[in-house]
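These are the residues of each chain, in order.
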Amino acid sequence: MQITEIYKSIQGESTYAGLPCIFVRLTGCNLRCSWCDSEYTFSGGHRMTVEEIVGEVEQLSPSGLVEITGGEPMLQEREAVPLMQRLLDEGYSVLLETSGERPLEQVPKGVVKIVDVKCPHSGEPNTFRAENLETLDSTDEVKFVVSDRTDYEFAREFVTRHELARRVNAVLFSPAFGKDANGARDASHCLLDPRELAEWMLADNVPARLGLQLHKFIWDPALKSV
Ligand code: SF4
């Protein structure tokens, strides 16, 4: 399969935020979100077999948390599914970060799916595959990246309409990050003030968790592999 990078860092998002995690970042994405911070995965990368990937993960850590991410990892479903199963069999806790646009029925049981629903101002609205709702269980998480009030109201209504809080372990609302003229995208580049988002969530009693991307507060935003 085509791999952009494999590295160890601190998980920056989801209910696993703050934990050490190995990231297996697959190459390629069929979407083009306006606030994407992973454009470097759109092309390039190098071929690796499942065996080679598992070997590299084991060298970084013999146990713990592994996230399969991208790009969009489910574009390489034929090899990504056996990779996830193999990591589960080796005793790792496995997270899958996905855009929500690809079918998720084949994701092995035991993998925690962290599924985006793209908001109206993401640049990729209406890409969520509705059938994926039926694949979600009580270990999974659903994430909305919110850039303004329109995105927030879309997310709030989606959560209510689909009773997401009842279906999954966590619903995550995260402010989107923009880039400055130099391409930098650190904690000062939130498109939506986290305080404002927090106040909207509190006012509406939204059953969701406010998420900030920890790695953007810790490391130089120009760094990859963090
Ligand atoms: S789905 Fe993810 S990797 Fe693809 S463009 Fe959107 S944010 Fe970037």
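Residues numbered from 1 in each chain as written. Predicted model: local features only at pLDDT ≥ 70, side-chain atom pairs only at ≥ 80, totals over all residues. Heavy atoms only, no water.

*Asks:* Just to check I follow, could you spell out the overall build of the protein for this structure?
*Replies:* If you tally the helices and strands in the protein, you get 6 helices and 9 strands. Over its C-alpha trace the protein gives a radius of gyration of 17 Å, about what one expects of a compact globule, namely 17 Å for 226 residues. Projected onto its principal axes, the C-alpha positions of the protein cover 50 × 40 × 30 Å. Put simply, the protein has 226 residues, and 50% of those count as buried. Element-wise, carbon and sulfur atoms account for 49% of the exposed surface of the protein, whose accessible area totals about 10300 Å². (Helix = DSSP H or I, 4+ residues; strand = E, 2+ residues; numbered from the N terminus. Rg over C-alpha atoms; globule rule 2.2 N^0.38 Å. Buried < 20%, exposed > 50% of the residue type's maximum accessible area, 1.4 Å probe, protein only. Areas by Shrake-Rupley, 256 points an atom, 1.4 Å probe, with all protein chains shown as cover.)

*Asks:* Just checking my understanding: could you explain the site of the ligand for this structure?
*Replies:* Around the ligand, the structure places Cys29, Leu31, Arg32, Cys33, Trp35, Cys36, Phe42, Gly71, Ser99 and Lys118. A per-class count over the shell around the ligand returns 6 nonpolar, 2 polar and 2 charged. (Near = heavy atom within 4 Å. Nonpolar A, V, L, I, M, F, W, Y, C, P; charged D, E, K, R; others polar.)

*Asks:* How do you make sense of the pattern of salt bridges when you look at a structure like this?
*Replies:* Between side chains of opposite charge, a pair can form when the charged atoms approach closely. Using the criterion set out here, one finds 16 salt bridges in the structure. A salt bridge links arginine 47 to glutamate 79; the nearest nitrogen and oxygen atoms lie 3.5 Å apart. Of this pair, arginine 47 sits in strand E3 (residues 46-47) while glutamate 79 is found in helix H2 (residues 77-89), placing the two residues 32 residues apart along the sequence. Here the salt bridges do not stand alone but share partners, grouping Glu13, Glu97, Asp116, Lys118 and Lys143 into one network. (Salt bridge = Lys/Arg side-chain N within 4 Å of Asp/Glu carboxyl O.)

*Asks:* Can you walk me through the sheet that holds strand E1 (residues 2-10) in this structure?
*Replies:* Two strands in a sheet stick together by hydrogen bonds in their backbones, pointing the same way (parallel) or opposite ways (antiparallel). One open sheet accounts for 9 strands, arranged E3-E1-E2-E4-E5-E6-E7-E8-E9; its pairing is mixed. Only two strands of the sheet have a single partner each, and these edge strands are E3 and strand E9 (209-210). Where strand E7 (residues 141-146) meets strand E8 (residues 170-175), 6 bridges bridge the pair, whose relative direction is parallel. Each bridged residue has a counterpart across the sheet, and for valine 142 the counterpart in E8 is valine 171. Lying on the sheet, helix H3 (residues 149-161) is in contact with E7 and E8; it crosses E7 at an angle near 160°. (Pairing = 2+ DSSP bridges. Contact = heavy atoms within 4.5 Å. Axes fitted to C-alpha atoms, helices over the stretch in contact; angles between N-to-C directions.)

*Asks:* Is there a simple way to think about the packing of helix H1 (residues 50-60) against H2 in this case?
*Replies:* Each pair of packed helices can be described by the angle between their axes along with the distance between the axes. The interhelical angle for the contact between H1 and H2, taken along N-to-C directions, is 40°, at an axis separation of 10 Å. Between H1 and H2, the angle is such that the two are oblique. Like other packed secondary-structure pairs, H1 and H2 cross with a definite hand, here right-handed. Residues Val50, Glu51, Ile53, Val54 and Val57 of H1 pack against Glu79, Leu83, Arg86 and Leu87 of H2. Partitioned by chemical class, the residues of the contact of H1 with H2 number 6 nonpolar, no polar and 3 charged. (Parallel < 35°, antiparallel > 145°, perpendicular 65-115°, else oblique. Left-handed = near helix turned anticlockwise from the far one by under 90°.)

*Asks:* In this structure, what is going on with the pairing of E8? I would like to understand it.
*Replies:* Two faces, one strand: in a regular strand the side chains alternate between the faces of the sheet. For E8, the tally of buried residues reaches 6 of 6 residues, placing the bulk of the element in the interior. Side chains of E8 alternate between two faces, with Ala170, Leu172 and Ser174 and Val171, Phe173 and Pro175 buried alike. Two elements, E8 and E9, share 2 bridges in a ladder whose sense is parallel. Pairing of leucine 172 across the sheet is with arginine 209, part of E9.

*Asks:* Would you take a moment to explain H2 for this structure?
*Replies:* Residues lying three or four places apart along an α-helix face the same way, a consequence of the helix completing one turn every 3.6 residues. In this model H2 runs 18 Å from its N-terminal to its C-terminal C-alpha over 13 residues, within 8% of the 18 Å that 1.5 Å per residue would give. Listed in full, the buried residues belonging to H2 are Ala80, Val81, Leu83, Met84, Leu87 and Leu88. Along H2, the residues classed as buried sweep out an arc of 165° about the axis, all on the same side. Exposed side chains of H2 directed beyond 90 degrees from the buried face belong to Arg78 and Asp89. On its buried face, H2 is in contact with strand E2 (20-26), H1, strand E4 (65-69) and strand E5 (93-98). After H2 finishes, the residue glycine 91 shows a positive phi value of roughly 100°. (Expected span 1.5 Å × (residues − 1). Arc of directions from axis to C-beta.)

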